There are 2 protein chains.
Amino acid sequence: MVNIAVMGYGTVGSGVVEVINTNSDIINQRAGDEINVKYVLDIRDFPDDPIQEKIVHDVNVIINDPEIRIVVEVMGGIEPAYTFVKQCLEAGKSVVTSNKALVAKHGAELLSIAKERELNFLFEASVGGGIPIIRALNSSLTADKIEEITGILNGTTNYMLSKMFYEGADYAEVLKEAQDNGYAERNPEADVEGYDACRKIAILSSLISGQQVDFEDIYTEGITKITKEDMLYAKELGMTIKLLASSKRHGNHLHAIVAPALLGKEHPLYNINDVFNAVFVHGNVLGDAMFYGSGAGKLPTASAVVADVVDEVKHLHRNIMTMWKNEKLTLLPIEDTCKRFFVRMNGDADKRRDEVEALFGNVRFLNVEGLSDEFGFVTEVMTEGEYGKKAEKAEGILHMIRIEG
Amino acid sequence: MVNIAVMGYGTVGSGVVEVINTNSDIINQRAGDEINVKYVLDIRDFPDDPIQEKIVHDVNVIINDPEIRIVVEVMGGIEPAYTFVKQCLEAGKSVVTSNKALVAKHGAELLSIAKERELNFLFEASVGGGIPIIRALNSSLTADKIEEITGILNGTTNYMLSKMFYEGADYAEVLKEAQDNGYAERNPEADVEGYDACRKIAILSSLISGQQVDFEDIYTEGITKITKEDMLYAKELGMTIKLLASSKRHGNHLHAIVAPALLGKEHPLYNINDVFNAVFVHGNVLGDAMFYGSGAGKLPTASAVVADVVDEVKHLHRNIMTMWKNEKLTLLPIEDTCKRFFVRMNGDADKRRDEVEALFGNVRFLNVEGLSDEFGFVTEVMTEGEYGKKAEKAEGILHMIRIEG
């Protein structure tokens, strides 16, 4: 029997207990041992829940119990999660977490403590919920130099953008709807400003580079400025708009960005709708691959946590995670990255054609039926720096959206 | 240094050597050791290729060399691959293969020999080329009861059906084109009759059930009878036609089938086009997930083979593969499985309406512009057995295609 402790009995924590109970026979068979939840740490009591008999309020009960081999951290947030996880590792327990904030900030250090002690720090559920992208990078795509990883990593914003695209709804309307049906929080900032996706792509970038990528260094733009008018232009272009979190190699550099992007029908991420997440990967020998699934939700996330527990039971005292060093990676400045830009501008395309072409060069003009006194255009490929300089000189730019690929 | 031998220097074998050479730095770093190709077994010589110095013609050189820890089998076919692989395992060497015929037929036995000797028999590349579905089932989706696995597992037929759907081409035309550009073989039987997909779904079915699923037991229907007229009806239904290889749980039973199926736009496999493959998985706690990538091709397949080699280097003398027992699984007879059926029939829908409804019950009639003297209809859900009995009594059925979902 392998005894484990679960820290945090919120949505994911109760999901972990539920999954272990529901699928105990197959889980134990695959782990090759019986997994037993001995403690659940929470500040609350749950008098009406059978879990109450396992509830402890003091983390030291877990840390000081030599029977506990694996600790599942699903409290979220940096503290006290960081302190608790570090103490558990130092006490010789492997840790499994779903906590993206913790992994993005302290992943390198916690991985290194785990490695020193022949333990594991596993975090499949921290990125993409039920999508097994971390283990794929760690043990399946190991023959490849990963040249690109681009994901739809936030279900809330993907739900909102899908509604705006397919139903012509506007931003405020879909945000309210998402809040009403529980897809978005009352304070939706972490989702709609891209902060959640940013932490996830920071983790993936660290994994593919083997170095620390600080999320604060990643240019991050949310979806709050996306309008239903933008979606009309997207349709005119045969494209859609998605919040993409992306990390790409340029020579020896990595460029990471979170921003809404126009995406063509031929891109595998084009059809990822509603709350689903997906991660597109390009390897230098593998070519294109994509992983798709539920990016969040109690049971899909718990499924990923429990799969990590099973993997850890199979590898007790044998370090299996790819390391990323604490050494910080300097990202390619956004100004030096190249792409095409879609721009919406005030006025009449026919009257402003010469002016736009003089500034932006050869562009493709767009008009959308029903939108008067404005027009759009798509630039050729240029750096963000070049675009910025041109845009500064232009008058009446309403909005700019980057074009992917 | 870990010495390996590659058996077979064809497309995949030369790809394996190329991938190991191209990405040696990152591969060795991830493996934690240097991987060295010591021998390549082939009946041919390659005087103009630097590989010639490693070429051996006698498998015993490999079997008898204690320095060889891992053998890569990429010859294809059952014999002599089976004999060689068994001898290698018995001589204490782990084996990595891309050979679906070998795995489908002898997987259970070879896994069990490997387990007895604390070795591994790994076969990621045998299903879905570069798509890491085997490792996902083995180590990522371990918290779930897998209730369904449905794949587009053959790139040739998917290329052909995509062309037929999007370009209105007919079967003979696209087959010729696929042969001309190398996507289909001169003798295309293994692809177009569904035999290739059948072996792959047999492997996946064995893995999710833990028992031997014989490919001969799987009802298999190819795409040779799919016409451009069928595609017109599919469009009328807002669907497409794909060759699906599927394994689903019904209670305690598993039902496996390979057949063309009508698929709606909301299905994640709807948009998988051209030579790409994809595997859709439904787990009881994970929900829906999908894995997408290159199903074949020299480098994507080699990428999967080399990733298995890396995994094996990290796990020398530690068995990591989920077993499937030699014990044969009895599949649910196709007659007992339920679905809706699309039927094309001779004559005039208005004149035959009463007759069709008397036989098939409540159906949805379809007419396609330009197709005269025939019509289509979609039945309600019924068993294959029921459908068969009704169809026997009906006159003038031109074609039947199953509807997925």
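As the structure is a computational prediction, the values presented were derived from the model and not from experiment.

1. A few points about the overall build of chain A
- Scanning chain A from terminus to terminus reveals 14 helices and 17 strands.
- What you see for chain A is a C-alpha radius of gyration of 23 Å, in line with the 22 Å of a compact globule of 405 residues.
- For chain A, the C-alpha atoms occupy an extent of roughly 75 × 45 × 35 Å along the three principal directions.

2. Considerations on the packing of helix α7 (residues 155–167) of chain B against helix α8 (residues 171–180) of chain B
Residues and elements named next belong to chain B.
- At a closest axis distance of 9 Å, the pairing of α7 and α8 adopts a crossing angle of 130°. Relative to α8, α7 is oriented oblique. Judged by the sense of rotation from one axis to the other, the crossing of α7 with α8 is right-handed. Here α7 contributes T156, Y159, M160, K163 and M164 to the contact with α8, which in turn contributes Y171, V174, L175 and A178.
- Of the residues in the contact of α7 with α8, the class split is 7 nonpolar, 1 polar and 1 charged.

3. Thoughts on the domain arrangement of chain A
Residues and elements named next belong to chain A.
- Segmenting chain A into domains produces domain 1 (2–129 + 298–314), domain 2 (142–293) and domain 3 (334–403).
- Relative to domain 2, the C-alpha centre of domain 1 lies at a distance of 28 Å.
- Between domain 1 and domain 2, the residue contacts involve 11 residues of the former and 13 residues of the latter.
- Take the side of domain 1 that touches domain 2: its biggest share by element is 6 residues, from helix α5 (residues 100–116).

4. Topic: helix α1 (residues 11–22) of chain B
- Over its 12 residues, α1(B) extends 16 Å from the first C-alpha to the last, a length consistent with the 16 Å expected when each residue adds 1.5 Å.
- Check the buried side of α1(B) and you find it contacts β1 (2–7), α2 (24–31), β2 (35–41), β4 (68–73) and α12 (298–314) of chain B.

5. Focus on the pairing of strand β10 (residues 253–264) of chain A
All names here are of chain A.
- With 10 of 12 residues buried, β10 lies mostly within the body of the structure.
- Inspection of the sheet shows strand β8 (residues 219–220) paired to β10 by 2 bridges, in the parallel sense. Paired with T220 across the two strands is V258, which belongs to β10.
- Connecting the antiparallel pair strand β9 (residues 239–250) and β10 is a turn made up of 2 residues, with G251 showing a positive phi of about 60°.
- Here β10 pairs with strand β17 (residues 397–403) via 2 bridges, running parallel. Counted as the bridge partner of L262 is I403 from β17.

6. Some details on the interface of chain B and chain A
- Between chain B and chain A, the residue contacts involve 41 residues of the former and 40 residues of the latter.
- Looking at the side of chain B that touches chain A, the elements with two or more residues in it are α1, α2, α6 (133–140), β12 (287–294) and α12 of chain B.
- Strand direction decides the pairing type here: strand β12 (residues 287–294) of chain A and β12(B), joined by 5 bridges, are antiparallel. Its bridge partner being in β12(B), F291(A) is matched across the sheet by F291(B).

7. So, the relation of the copies chain B and chain A
- Once chain B has been moved 0.0 Å along the axis and rotated by 180°, it coincides with chain A to within an RMSD of 0.0 Å. The relationship between the two copies is best expressed as a two-fold rotation axis. Minimal C-alpha separation from the rotation axis in chain B is found for F291(B), amounting to 2.4 Å.

8. Quick word on the pairing of strand β5 (residues 94–97) of chain A
All names here are of chain A.
- Neither face of β5 is left uncovered, since the one carrying S94 and V96 and the one carrying V95 and T97 both have all their residues buried.
- One ladder, built from 4 bridges, connects strand β4 (residues 68–73) with β5; its direction is parallel. If you follow I70 over to β5, its bridge partner there is S94.
- Regarding the hand of the β-α-β motif, the stretch spanning β4, helix α4 (residues 81–90) and β5 is right-handed.
- For β5 and strand β6 (residues 121–122), the ladder comprises 2 bridges, and the chain directions are parallel. Bridging from a neighbouring strand, V95 pairs with F121 of β6.
- The handedness of the β5 to β6 crossover, carried by α5, is right-handed.

Cut-off values and rules
Counting restarts for each chain, with residues numbered from 1 along the sequence as it is written. Written order decides the labels, with chains lettered from A and ligands numbered from 1. For a predicted model such as this one, the threshold for reporting local features is a pLDDT of at least 70, and the threshold for listing and counting side-chain atom pairs is 80 or more; totals across whole chains, interfaces and linings nevertheless cover every residue. Here a helix means four or more residues in a row that DSSP labels H or I, a strand means two or more in a row labelled E, and each is numbered from the N terminus. A radius of gyration in this sense is built from C-alpha atoms; the matching globule rule multiplies 2.2 Å by the number of residues raised to 0.38. Orientation is described by axes fitted as lines to C-alpha atoms, over the contacting stretch for helices, and by angles from 0 to 180 degrees between their N-to-C directions. The cut-offs work like this: below 35 degrees is roughly parallel, past 145 is roughly antiparallel, 65 to 115 is roughly perpendicular, and the gaps in between are oblique. Definitions for this section: a left-handed crossing has its near helix turned counterclockwise from the far helix by less than a right angle. A right-handed crossing has that turn clockwise. Two residues qualify as a contact pair if the distance between their C-beta atoms, derived from the backbone, is within 7 Å. Throughout, the ten residues Ala, Val, Leu, Ile, Met, Phe, Trp, Tyr, Cys and Pro are labelled nonpolar, Asp, Glu, Lys and Arg are labelled charged, and all others, Gly among them, are labelled polar. Residue ranges assigned to the domains are those given by an automatic or database domain assignment. Here the expected span of a helix is defined as 1.5 Å times the quantity of residues minus one. Exposure classification rests on a simple neighbour count of other C-beta atoms within 10 Å of a residue's own: a residue reaching 20 or more is buried, one at 12 or fewer is exposed, and one in between is partly exposed. C-beta atoms are placed from the backbone. By this definition, two strands are paired if DSSP reports at least two bridges between them. A residue counts toward the fit only if its pLDDT is at least 70 in both copies, and the copies are then superposed by least squares on the C-alpha atoms of those residues. For crossovers, right-handed means that the path from the first strand over the helix to the second runs clockwise, given strands pointing away from the viewer.

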